[in-house]
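# Survey of secondary and tertiary structure
Below, each chain spelled out in residue letters.
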Amino acid sequence: MKQLVKFILHDILKNKIVISYTILLALFSWSVFSLEDTSSKGILTMLNIILLTVPLVSILFSTIYIYNCTEFVELLLSQPIQRKKIWISLFTGLLISFIVAFILGAGIPILLFVPIELAFMMNSIGIIISSVFVSLAFFSSIVTRDKARGIGISVLLWLYFALLFDGIVLFLLFQFAEYPIEKLMVGLTASSPIDLARILILLQLDVSAMMGYTGAIFKDIFGTTKGLICSFTFLLLWILIPFLFSLRIFKRRDL
Amino acid sequence: MIDLIDVNKHFGKLQALIGINARFIEGECIALIGPNGCGKTTLIKSILGMVIPDSGDVLINGKSIENQFEYRKQIGYMPQLGRYPQNMTIGQVISMIQTIRTDVKMCDTELLEKFSLTEMYDKKMHTLSGGTTQKVSATLAFLFNPKILILDEPTAGLDPLAADILKDKIIQEKKNGKLILITSHLLDELDELITQVIYMQDGEIVFHKNVSDLNSETGTTRVSRAISQILKTRIHETIS
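Let me sum up the structure you'll find in this document. Predicted model, so just to flag it, every value in this text is computed and none were measured.

Glancing now at the overall build of chain B. Summing up its helical and strand segments, chain B has 8 helices and 10 strands in all. Its C-alpha atoms give chain B principal-axis dimensions of roughly 60 × 40 × 35 Å. Looking at the 240 residues of chain B, the share that counts as buried comes to 53%. Counted over contacts in chain B with a minimum sequence separation of 6, partners at least 24 positions apart contribute 68%. Accessible surface, chain B: about 11,100 Å² in total, of which carbon and sulfur atoms supply 51%.

The following block contains the structure:
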C-alpha cells in the first residue's frame, strides 16, 4: 500500500496542477497579509479563501483525477491487491497532496501573521476542509461512471455548500423569525461543513456579534470546549462518511 | 484447479451469465468461443474478481474467491483491450507492477525481449499503437510465471510475427503444465494449441468438450470445421 501511495503522489506531483495551486495560494496569502494594514482584515480575506477556493480546487481536481485513474485502477485490479487498498491509497494520495499544498501555500503565512491560537485553528480548519472536499469528490465520482456527470455533481455540491446553503439558512431565519428555531438552526449548520468551519473560525475571531441573531446561540453552544469537540466531530464525520460510502460501492463494483 | 458453480450475472436487463458450471484442470488449454456478447469476457472477469457474480461461486484450488485477492498471484491476465495509465511509459508500467509484486523474485522477461519492448521503454502509453499495447499486456500476463493464464483475444491486433511469438510462448507454457484459458474468434489459430472447447451463447455454455471427442464426433480433423458443423446441425434442429 505504501508503494501505491508513492506512485499516486509521484503522479500528482508530475501533474503540476497541485504545485501551481500551492504557489497561487502562497502568492495570495503573502500579498493579503503584507498589503492589508490590519491583520484582522487579512484574516477575513484568508477566511474566504479557505472557505471558498480551497474546497473548489480540492473537489474539482480530485474528481477529475479519480476519473483519470480508471485505467490505473483497472491495471491494479488484475494484480493480487485488495480492492480496499487501491481505493484507500488513492484517497491517501490525494489527501496528502492537498494537505501539504494547503500548509505550504496558506498555512505558513497564517502561522507567521496571525495570533498563534487563531492560526492553529485556521490551519486545522483548512486541512479539514480540504479533506472533506476530497472525500466528497470520491462520493461524486463513484455514483456515476459518466465523467461529465461526476464533475457536474462535484460542482453542484460545491455550489450548494459554498453559496446556496447560506441562502437557505437566511431564508428560514426570516420566514420563521417568530418561532423558536434556534436549536434547529444549529442543527442545520452541522449539515454543511463550510458553515461549521466558518462558525468555528468566527468564534475564535470574536466577531460573533457580526453573526447577528444566531451568533449568540452559536456562542452558547459552540463556544464551550464541548461545543468545539462536537463541531470537530461533525467535520470528521464529513470526511469519513462520503469516503466510506464510496469505498462500499467500489468494493462491489464491476469493472 | 478452477471450479465454476452455478454462476449467474446480470447487467441491468441483460442476463450475461446464466447458471455457468465448469471445471478447468491444470495442463489443459481451453478455448472459450462464441458470438460477440455471449458472456466470454464476463466469465473471465468473474474468475478474476473484476466482475462480482450475483449468485454462485468461483473456486480456485477448492477455495472460494469471494473477498479474496491472494489467489490472483497465480493468474496472469491479458485483457482484450489493455487500458494503461496514459502518462506512464512502458518501462514505468512494468517496473511499477514489478515493485508491487514483491512475492515473485524471478521474472519471465522472454516476451519483453522477443517483442523488443525494451527498446521502447521510454515511450508513453498513449503514444502506443493498439498492437504494441497488446504486446505490453501479453508481457505483463507472462511476467510472473503464473500457474493460470487467462488470455482474452490474445492475437487480435498483433502482426503475424508477434502473433507467432505469442503462440509459441503459449505452447511452451502449456508444456510446463499450466492451465490456459483463451478466447478467440480466429478458430484456425487455435487448432494446434487447445485441448478443450467451450462454446457459449447468450450467457450459457452450449457445450464443453475435449477436442479429440469433438473431432471424432464430427469426423473432422480441425477444430474450426468441427465447430461450424455442430453449429449447422444445431440450426437445423431449431428450424425443424
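Below, the discussion takes up the overall build of chain A. Helix and strand content of chain A: 11 helices and 0 strands. Along chain A, helices (α) and strands (β) appear in the sequence α-α-α-α-α-α-α-α-α-α-α when read from the amino end. Considering only C-alpha atoms, chain A reaches an extent of 60 × 45 × 30 Å along its principal axes. Within chain A, the fraction of its 255 residues that count as buried is 51%.

Okay, the nonpolar core next. Counting 145 residues, the largest nonpolar core has F24(B), I47(B) and I194(B) as the members making the most contacts within it. Setting aside its immediate chain neighbours within four residues, I47(B) contacts I2(B), L4(B), F24(B), V58(B), I60(B), I65(B), Y71(B), I75(B), I150(B) and L181(B). Among the nonpolar cores identified, the runner-up in size contains 5 residues, and F165(A), L173(A), I181(A) and M185(A) belong to it.

All names here are of chain B. Burial analysis of strand β9 (residues 196–201) places 5 of its 6 residues in the buried class, the great majority of the element. Where strand β3 (residues 29–33) meets β9, 4 bridges bridge the pair, whose relative direction is parallel. Residue I30 lies in a different strand from β9, and its bridge partner there is Q196. Relative to strand β10 (residues 204–210), β9 runs antiparallel, the two sharing 6 bridges. Residue pairing in the sheet places Q196 in a bridge with N210 of β10.

Where nonpolar side chains cluster on the molecular surface, the patch consists of W30(A), I96(A), V100(A), I103(A), L104(A), I108(A), L112(A) and F113(A) and spans about 670 Å² of accessible area. Its place among the elements puts L104(A) in helix α5 (residues 83–113).

All names here are of chain B. Positive phi values are uncommon outside glycine, yet D6 reaches one of about 45°. Look at D6 and you get partly exposed, because its relative accessible area is 38%. Even without being a glycine, E153 presents a positive backbone phi close to 50°. Mapping E153 onto the fold places it in the loop between β7 (148–152) and α5 (160–175). Judged by its relative accessible area of 9%, E153 is buried.

Here we come to the interface of chain A and chain B. Counting residues at the interface gives 23 residues for chain A, matched by 26 residues for chain B. Across the chain A/chain B interface, buried area totals approximately 2,300 Å², and carbon plus sulfur atoms make up 59% of it. Summed over the shared surface of chain A and chain B, the number is 3 salt bridges. Note that R83(B) is salt-bridged to E71(A), the shortest N-O span being 3.9 Å. The tally of links from chain A across to chain B stands at 10 residue pairs in polar contact (both at pLDDT 80 or more). Those elements that provide at least two residues to the side of chain A that touches chain B are α1 (2–15), α4 (70–77) and α11 (225–252) of chain A. At 7 residues, the largest contribution of residues to the side of chain A that touches chain B is made by α4(A). Each residue belonging to the side of chain A that touches chain B can be placed in one class, and the counts come to 9 nonpolar, 5 polar and 9 charged.

Residues and elements named next belong to chain B. You can see F24 is positioned in strand β2 (residues 14–24). In the structure, F24 is positioned 116 residues away from L140 in sequence and 23 Å away in space, judged by C-alpha atoms. Setting aside anything within four residues of it in sequence, one finds F24 in contact with M1, I2, L4, I30, I47, L179, L181, I198 and H208.

Residue and element names in this part refer to chain A. The grouping of K84, K85, R248 and K251 at the surface amounts to a positive patch. Elements supplying a minimum of two residues to the positive patch: α5 and α11. With respect to the helices, strands and loops of the structure, K85 is situated in helix α5.

So, on to the pairing of strand β8 (residues 179–183) of chain B. All names here are of chain B. The buried count for β8 comes to 5 of 5 residues, which makes it a mostly enclosed element. Of the two faces of β8, the one carrying L179, L181 and T183 and the one carrying I180 and I182 are both buried. As judged from the 4 bridges shared by β3 and β8, these two strands associate in the parallel manner. When the sheet's bridge partners are listed, I30 is paired in β8 with L181. Pairing analysis gives 5 bridges linking β7 to β8, with the strands arranged parallel.

Conventions adopted
- Each residue is numbered by its place in its chain's sequence as written, counting from 1.
- To label them, take the chains in the order written and letter them from A, then take the ligands in the order written and number them from 1.
- For this predicted model, a pLDDT threshold of at least 70 governs which residues receive local features, and a threshold of 80 or more governs which side-chain atom pairs are given and counted, while totals over whole chains, interfaces and linings are taken from all residues.
- Think of the side-chain values as coming from all heavy atoms in the structure, minus any hydrogens and water.
- For helices the rule is a DSSP run of H or I covering at least 4 residues; for strands it is a run of E covering at least 2, with both sets numbered from the N terminus onward.
- Partly exposed residues are those whose accessible area sits between 20% and 50% of the maximum for their type, while under 20% is buried and over 50% is exposed, using a 1.4 Å probe and protein chains only.
- The contact rule is simple, with two residues in contact once any of their heavy atoms fall within 4.5 Å.
- For accessible areas, the Shrake-Rupley method is used with a probe of radius 1.4 Å. Any residue's cover is judged against the shown protein chains and nothing else.
- What we call a nonpolar core is a set of buried Ala, Val, Leu, Ile, Met, Phe, Trp, Tyr and Cys residues that are connected through their side-chain atoms within 4.5 Å.
- One bridge is not enough; two strands pair if DSSP finds at least two bridges between them.
- In this scheme, patches are assembled from residues that exceed 30% relative accessible area and form no salt bridge. Like charges are connected within 9 Å, while nonpolar side chains (Val, Leu, Ile, Met, Phe, Trp, Tyr) are connected within 5 Å.
- We define a salt bridge as a side-chain nitrogen of Lys or Arg found within 4 Å of a carboxyl oxygen belonging to Asp or Glu.
- By definition, the buried area sums, over both parts, the 1.4 Å-probe accessible area that each loses when the two are put together.
- Here a polar contact is taken to be a pair of N or O atoms separated by no more than 3.5 Å, where protein atoms must pair a possible hydrogen donor with a possible acceptor and residues adjacent in sequence count only if both atoms sit in side chains.
- Put simply, Ala, Val, Leu, Ile, Met, Phe, Trp, Tyr, Cys and Pro go in the nonpolar bin, Asp, Glu, Lys and Arg in the charged bin, and everything else, Gly too, in the polar bin.
- Counted as positive: Lys and Arg. Counted as negative: Asp and Glu, with His and the chain ends omitted from the count.
- Here the site of a charge means NZ on Lys, CZ on Arg, CG on Asp, or CD on Glu.

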